[in-house]
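Overview (structure and organization)
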Amino acid sequence: MWTVEGPHAGALVTVDGLVPAAPEVRFPVASLSKQFAAVAVLLLAERGALELHQPVSHWLPDGPPWWREATLHHLLTHTSGTGHWEDAAGFDATATLSVEEYLALLATVEPRSRPGIRWHYSNPGYLMVARIVEQAAGQPYTAFLSEHLFTPAGMGSTTTARPDGTGTSTARGHRDGEPLPGGLPPRPGVRVWSTAGDLARWTRALHTGDLLGWESRAVLTAPLAPTGEERVLGRSFFGPHYGYGLYVGTVGNHRAYFHPGQNPGYLTFAAWLPEHHAAMVVLADDESADLHGVIRQALAEAGLS
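Throughout what follows, the structure given in this document is the object of discussion.

What counts, and where the lines are drawn
Residues numbered from 1 in each chain as written. Predicted model: local features only at pLDDT ≥ 70, side-chain atom pairs only at ≥ 80, totals over all residues. Heavy atoms only, no water. Salt bridge = Lys/Arg side-chain N within 4 Å of Asp/Glu carboxyl O. Helix = DSSP H or I, 4+ residues; strand = E, 2+ residues; numbered from the N terminus. Buried < 20%, exposed > 50% of the residue type's maximum accessible area, 1.4 Å probe, protein only. Pairing = 2+ DSSP bridges. Core = buried A, V, L, I, M, F, W, Y, C linked by side-chain atoms within 4.5 Å. Contact = heavy atoms within 4.5 Å. Phe/Tyr/Trp six-rings, centres within 6.5 Å; stacked < 30°, edge-to-face > 60°. Lys NZ or Arg CZ within 6 Å of the ring centre and 35° of its normal. Expected span 1.5 Å × (residues − 1).

**Quick look at the pattern of salt bridges**
Applying the stated criterion across every chain yields a total of seven salt bridges. Of the charged contacts in the structure, one is a salt bridge between arginine 131 and glutamate 134, with a shortest N-O distance of 2.8 Å. Of this pair, arginine 131 and glutamate 134 both sit in helix H4 (residues 123-137), separated by three residues, roughly a single helical turn. Looking at arginine 131, the relative accessible area reads 15%, which means it is buried. Across the salt bridge formed by arginine 175 and glutamate 287, the nearest N and O atoms sit 2.6 Å from each other. With arginine 175 in strand E4 (residues 174-175) and glutamate 287 in the loop between strand E12 (278-284) and helix H8 (291-301), the pair connects residues that are 112 residues apart, well separated along the chain. The network of salt bridges with common partners includes Glu100, Arg131 and Glu134.

Written out as structure tokens, the structure reads:
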């Protein structure tokens, strides 16, 4: 399903291979959740609870020496040098570990570069961000998201717990049209489940000043870190720069702040097109879906092709 909201507002539609386009269908949003972590940090910075250039070791003092050089800014822009979970010896993607155990595992991994030297996309870095948010806020990360992000943005169908099916539909993941057996495998960090409508509301609230002050929004969407990624039309979703939890680049030749996401069985995408004051959200229940084709269709239907 997809939705475009703004002056060119469209409606939820059904795309072949996806679940029926009902507003209440929830999907795991995957890496779209990085912008939630970034906004949480900026809210706490606005309130004086933390500083963006504080070293990681200020909040996580038991880590390796390089955590004394890496900062929150480095973590948020993927320039901390932190690698992926697979870089850790003995990492088991099927194991269910506590956040403390994941952080201890991460502390054994040598950084891929010194902080601030180059961009390297890192999911573990954002797990560290979530733990720092907890410490600065003095409450669980999931509770902070619910109270300070989801509720103010009107995201009544968004949850950090897997939906139990009561009163709502939950999309089932597929690969090449075939349902994946079982649920999502264990992953470090917090999963967020949401709907196209909630994510569109979030995107609009985020970029129109309902959640953050203008200085924080300017930092969030600034081209802070060159990714060094060459975008291949129709084959990738990387932008030439990264801000905080968002790529800064173009979508369909329109200036955009955006992020893709992928979980086994699912694809997600959300973007804000500032020149059109429009939010775009695409949620697919098949990891093999032609997400680029869906985005082109959505832009065309909204008069933005």
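**A word on the sheet that holds strand E6 (residues 193-194)**
Spatially, the three strands line up as an open sheet ordered E3-E2-E6, and their pairing is mixed. Bordering the open sheet on either side are strand E3 (169-170) and E6, each of which pairs with just one other strand.

**Describing the nonpolar core**
Grouped together as the largest cluster of nonpolar side chains are 91 residues, with contacts concentrated most on Phe36, Leu149, Trp202, Val251 and Phe269. Residue contributions to this core peak at nine residues, all from helix H1 (residues 34-46). If sequence neighbours within four positions are ignored, leucine 149 has contacts with Phe36, Val39, Ala40, Leu43, Phe144, Trp202 and Leu211.

**Some remarks on the pairing of E12**
Burial analysis of E12 places seven of its seven residues in the buried class, the great majority of the element. Side chains of E12 alternate between two faces, with Ala278, Met280, Val282 and Ala284 and Ala279, Val281 and Leu283 buried alike. The pairing of strand E11 (residues 266-273) with E12 spans seven bridges and is antiparallel. Looking across to E12, one finds that alanine 271 is bridged to methionine 280. Counting the residues between successive antiparallel strands, the hairpin from E11 to E12 contains four residues, one of them, histidine 277, with a positive phi of roughly 55°.

**As for the packing of aromatic side chains**
Tallying each qualifying case throughout the model produces ten aromatic pairs. Relative to tyrosine 121, the ring of tryptophan 119 has its centre 6.2 Å away and its plane inclined at 55°; by these criteria the two rings are tilted. Taken together, the aromatic side chains of Trp119, Tyr121, Tyr242, Tyr247, Phe258 and Phe269 make up a single cluster linked through ring pairs. Just above the ring of tyrosine 126 sits the side chain of lysine 34; from NZ or CZ to the centre is 5.6 Å.

**Section: H4**
Under the 1.5 Å per step criterion, the end-to-end length of H4 is 21 Å for 15 residues, consistent within 8% with the ideal 21 Å. Here H4 lies mainly inside the structure; eleven of its 15 residues are buried. Considered for burial, the residues of H4 that qualify are Pro124, Gly125, Tyr126, Leu127, Met128, Val129, Ala130, Arg131, Ile132, Val133 and Ala136. Those residues of H4 that are buried lie in contact with H1, helix H2 (72-76), helix H3 (99-106), helix H5 (141-150) and strand E8 (241-242).

**A look at the side chain of histidine 120**
Counting through the fold element by element, histidine 120 comes out in the loop between H3 and H4. On the basis of relative accessible area, histidine 120 is assigned to the buried category, the value being 14%. Beyond its immediate sequence surroundings of up to four residues, histidine 120 is in contact with His78, Thr82, Gly83, His84 and Arg112.

**Here we look at unusual backbone geometry**
Phi at aspartate 176 takes a positive value of approximately 55°, unusual for a residue other than glycine. Residue position: aspartate 176 is located in the loop between E4 and strand E5 (178-179). Not every positive phi belongs to a glycine, and histidine 277 is a case in point at roughly 55°. Looking at the element boundaries, histidine 277 is found in the loop between E11 and E12.

**Describing H1**
Spanning 13 residues, H1 covers 19 Å between terminal C-alpha atoms, matching the ideal 18 Å at 1.5 Å per step. Burial within H1 is extensive, with eleven of its 13 residues counted as buried. All of the buried residues along H1 are Lys34, Gln35, Phe36, Ala37, Ala38, Val39, Ala40, Val41, Leu42, Leu43 and Leu44. Directly beyond the C-terminal end of H1, a positive phi value near 75° is found at glycine 48.

All we've got here are geometric facts, nothing functional implied.
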